[in-house]
Amino acid sequence: MKYPALKNYINGEFVVSGSSRTLPVISPVDGALLSEVPMSTAEDLHTAVEAARAAFHKWSKTPIKERVQVFFRYKFLLEKNLQELASLCSEENGKTIGESVAEIEKCIELTEFATSLPQLVTGEVLEVSKGVECRTEHVPLGVVASIVPFNFPSMVPNWTIPNAIALGNCMIMKPSEKVPISCGRIAELLKEAGLPDGVFNVVHGDVEIVEAICDHPGIEAVSFVGSTKAAKNVYQRATKNYKRCLALGGAKNHLMVMPDAIPAMTAQNVVASMSGCAGQRCMAASAMVGVANVDHIIDKICDEARKVVPGVNLGAVINKESKERIERYITEAEEQGAKILVDGRGAKVSGKENGTYVGPTVIDYVKPDMAVATEEIFGPVISIMRTNTVDEALAIENANPYGNAASVFTQNGGVARYVIDHASAGMIGVNIGVPVPREPFSFGGWNESKFGVGDITGKSSIEFWTKLKKSTVKWNPEAGVNWMS
Ligand code: NAD
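The shown structure was predicted, so the numbers you read here are calculated from the model rather than taken from an experiment.

**Some points on helix α3 (residues 82–93)**
Link 1 in the chain: Spanning twelve residues, α3 covers 16 Å between terminal C-alpha atoms, matching the ideal 16 Å at 1.5 Å per step.
Link 2 in the chain: In terms of burial, α3 is a largely internal element, nine of the twelve residues being buried.
Link 3 in the chain: Within the sequence span of α3, burial applies to Leu82, Leu85, Ala86, Leu88, Cys89, Ser90, Glu91, Glu92 and Asn93.
Link 4 in the chain: Gly94 lies just past α3 and shows a positive phi near 100 degrees.

Take a look at the structure:
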């Protein structure tokens, strides 16, 4: 085992879980055993919640300009430790080192946004009638929880950590049991940055501890990122217990390619979107709809896909089950009559025979009712459908239950605006394969890709992590009494 067995992080200390149930942490890169992660007990969680509640009084009363100083220092520490954090990320998740560097750079951008929060939460004040002032303040909620998936071991935790904590909350983080190591390093860096003990805590586990989080009366709000099945479970359970909840789910993102799209640029974007992070991104292009004759662009997509080589510029998928699932999807599509133009099944990387790799896969002549067209595959696979018109393409996109992202490739501004208006997704791209809105804009899908109100990052997150206090004040008695006094 490369690293020691993992511990929870409670009240500024790494502590052994009360549970004897553990899971191995295996590197997808080469199958090496990295560590083992405890499946914490409800008592472990309770200890963490008590520590966070104890820290909340002082932290929430610390002025926000002081609170964000921690995140200025944390940003500096992310920069200083970027290479080490990136290699840890690649080791436990399997993505390439370049992708991990980009992930930590994104953590830095997320932290920069949090340092700007004092400028964004000033509240409002207005003299609403003679001598009477109304004023609003953003007040932190208390102890909040963040439950995260495997595909971004550092970035998704940092979607919530800087904003929630800078806004005055104390947090329980539940990392993915598949990539639990990075969150321990994040805890160490936050402490080094001067975050008081108890403000940030890490409790490891799987679905059992997630459900305990949803049930714990000391937790005010739950943010969740993961598959739609789990997001529904968390949203239902947390809101049944009267908690505020924002639960982001899975995705099936459609790229609509028009015949006037610039071929080389389109092909590069399509392939980068479907194969980046081995297709394990909720923003990955997974379905493409070619409108009219786009054969010349599909040829270029295949050429680009062949340049993506497992173990060189394509990382591993998370585990053996995932590799088998992805390959099953490809085989099933082939059996149903789709044409495999580039086949990533059976990929092997020399010297890393126990790694779990799937090569880039391009499937053409997919029918809209095939599983590869409708279900989230979460691998480096693009399923191409053909239509005659943009309306038919939009009908396929609209019929999908998810709604994270959709993109159109065209040089026609009218068509681009039409797709922005008619695609049923929260994040739309024009000539962009991965249309992630960057700070200060917020991230969040629609439909079965998100349950709850608002978005998880950017300005929208302020509403999720705070409650509004409204005060009405009369300073001058000579103003007299009127209808609202
Ligand atoms: P997952 O749903 O299996 O696990 C996510 C988290 O939920 C983990 O911490 C896990 O321990 C916990 N969990 C697992 N099953 C649960 C259940 N039944 N009830 C409650 N909690 C449960 O997801 P994953 O495989 O780690 O991540 C991949 C998924 O996450 C994909 O579907 C991807 O699209 C999605 N994702 C979505 C976004 C987004 O912004 N919408 C971002 C990243 C990932």
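Additional details are given in the paragraphs that follow.
**Brief notes about the pattern of salt bridges**
Link 1 in the chain: Counted by the stated rule, this structure contains 27 salt bridges.
Link 2 in the chain: Of the charged contacts in the structure, one is a salt bridge between Glu79 and Lys75, with a shortest N-O distance of 2.7 Å. Within this pair, Glu79 and its partner Lys75 are both found in helix α2 (residues 64–80), separated by four residues, close to a single helical turn.
Link 3 in the chain: Using a relative accessible area of 38% as the deciding quantity, one classes Glu79 as partly exposed.
Link 4 in the chain: As a salt-bridge pair, Arg306 and Asp303 come within 3.6 Å of each other at their nearest N and O atoms. A residue pair is termed a helical-turn pair when its members lie 3 or 4 positions apart in one helix, as Arg306 and Asp303 do in helix α11 (residues 295–306) at three residues.
Link 5 in the chain: Several salt bridges share partner residues, and in doing so they unite Lys106, Glu109, Arg438 and Glu439 into one network.

**Some remarks on the site of the ligand**
Link 1 in the chain: Close contacts around the ligand come from 30 residues, with Lys174, Glu177, Ser227, Gly249 and Glu376 the closest.
Link 2 in the chain: At a separation of 3.3 Å, an oxygen atom of the ligand approaches a polar backbone atom of Gly226.
Link 3 in the chain: Against a free-state accessible area of 840 Å², the protein chains account for coverage of 90% of the ligand.
Link 4 in the chain: The element best represented in the shell around the ligand is helix α9 (residues 228–240), accounting for three residues.
Link 5 in the chain: Looking at the shell around the ligand residue by residue, the class counts come to 17 nonpolar, eight polar and five charged.
Link 6 in the chain: Three or more residues apiece are contributed to the shell around the ligand by two domains, here domain 1 (8–250 + 445–470) and domain 2 (253–430).

**Comments concerning the packing of α3 against helix α7 (residues 181–192)**
In helix packing, the relevant descriptors are the interaxial angle and the interaxial distance, both defined with respect to the helix axes.
Link 1 in the chain: Viewed as axis vectors pointing N to C, α3 and α7 meet at an angle of 160 degrees, and their least axial separation amounts to 9 Å. When the axes of α3 and α7 are compared, the pair comes out roughly antiparallel. Crossing geometry of α3 relative to α7 is assigned as left-handed. Across the interface between the two elements, Glu84, Leu85, Leu88, Cys89 and Glu92 of α3 pack against Ile181, Ser182, Arg185 and Leu189 of α7.
Link 2 in the chain: Considered class by class, the residues forming the contact of α3 with α7 number five nonpolar, one polar and three charged.

**Things to note about the side chain of Asn151**
Link 1 in the chain: Here Asn151 is to be found in the loop between β7 (143–147) and α6 (155–166).
Link 2 in the chain: Assessed through its relative accessible area of 6%, Asn151 is described here as buried.
Link 3 in the chain: Looking at Asn151, its side chain comes within polar contact range of the main-chain oxygen of Gln280, at 3.1 Å.
Link 4 in the chain: Look past the residues within four positions of Asn151 in its chain and what remains in contact with it is Asn93, Lys95, Glu103, Gln280, Arg281, Cys282 and Phe378.

**Thoughts on the sheet that holds strand β20 (residues 466–474)**
Link 1 in the chain: The strand order across the open sheet formed by three strands is β5-β6-β20, and the pairing between neighbours is antiparallel. Looking at strand neighbours, the two that pair on one side only are β5 (125–129) and β20, the edges of this open sheet. Direction aside, neighbouring strands of the sheet carry axes that sit 30 degrees apart on average.
Link 2 in the chain: Pairing of β5 with strand β6 (residues 132–140), which is carried by four bridges, proceeds in the antiparallel orientation. Note that in β6 the partner of Ser129 across the bridge is Val132.

**Thoughts on the domain arrangement of the protein chain**
Link 1 in the chain: Partitioning the protein chain into structural domains gives domain 1 (8–250 + 445–470) and domain 2 (253–430).
Link 2 in the chain: Look at where the C-alpha atoms of domain 1 and domain 2 centre, and you get two points 31 Å apart.
Link 3 in the chain: Across the domain 1/domain 2 interface, buried area totals approximately 1900 Å², and carbon plus sulfur atoms make up 60% of it.
Link 4 in the chain: For domain 1, the biggest contributors to the area lost against domain 2 are Pro28, Phe150 and Trp446; these three give 23% of the whole.

**Comments concerning a positive patch on the surface**
Link 1 in the chain: On the surface, Lys61, Arg244, Lys467 and Lys469 cluster together into a positively charged patch.
Link 2 in the chain: Take Lys467: it is sitting in strand β20.
Link 3 in the chain: Accessibility expressed as a relative area gives 40% for Lys467, which makes it partly exposed.

About the thresholds
Residues numbered from 1 in each chain as written. Predicted model: local features only at pLDDT ≥ 70, side-chain atom pairs only at ≥ 80, totals over all residues. Heavy atoms only, no water. Helix = DSSP H or I, 4+ residues; strand = E, 2+ residues; numbered from the N terminus. Expected span 1.5 Å × (residues − 1). Buried < 20%, exposed > 50% of the residue type's maximum accessible area, 1.4 Å probe, protein only. Salt bridge = Lys/Arg side-chain N within 4 Å of Asp/Glu carboxyl O. Near = heavy atom within 4 Å. Polar contact = N/O pair within 3.5 Å; in protein donor to acceptor, adjacent residues only side chain to side chain. Areas by Shrake-Rupley, 256 points an atom, 1.4 Å probe, with all protein chains shown as cover. Nonpolar A, V, L, I, M, F, W, Y, C, P; charged D, E, K, R; others polar. Domains from an automatic or database assignment. Axes fitted to C-alpha atoms, helices over the stretch in contact; angles between N-to-C directions. Parallel < 35°, antiparallel > 145°, perpendicular 65-115°, else oblique. Left-handed = near helix turned anticlockwise from the far one by under 90°. Contact = heavy atoms within 4.5 Å. Pairing = 2+ DSSP bridges. Buried area = accessible area lost by both parts, 1.4 Å probe. Patch = residues over 30% accessible without salt bridge, like charges linked within 9 Å, V, L, I, M, F, W, Y side chains within 5 Å. Lys, Arg positive; Asp, Glu negative; His and termini not counted. Charge placed at Lys NZ, Arg CZ, Asp CG, Glu CD.

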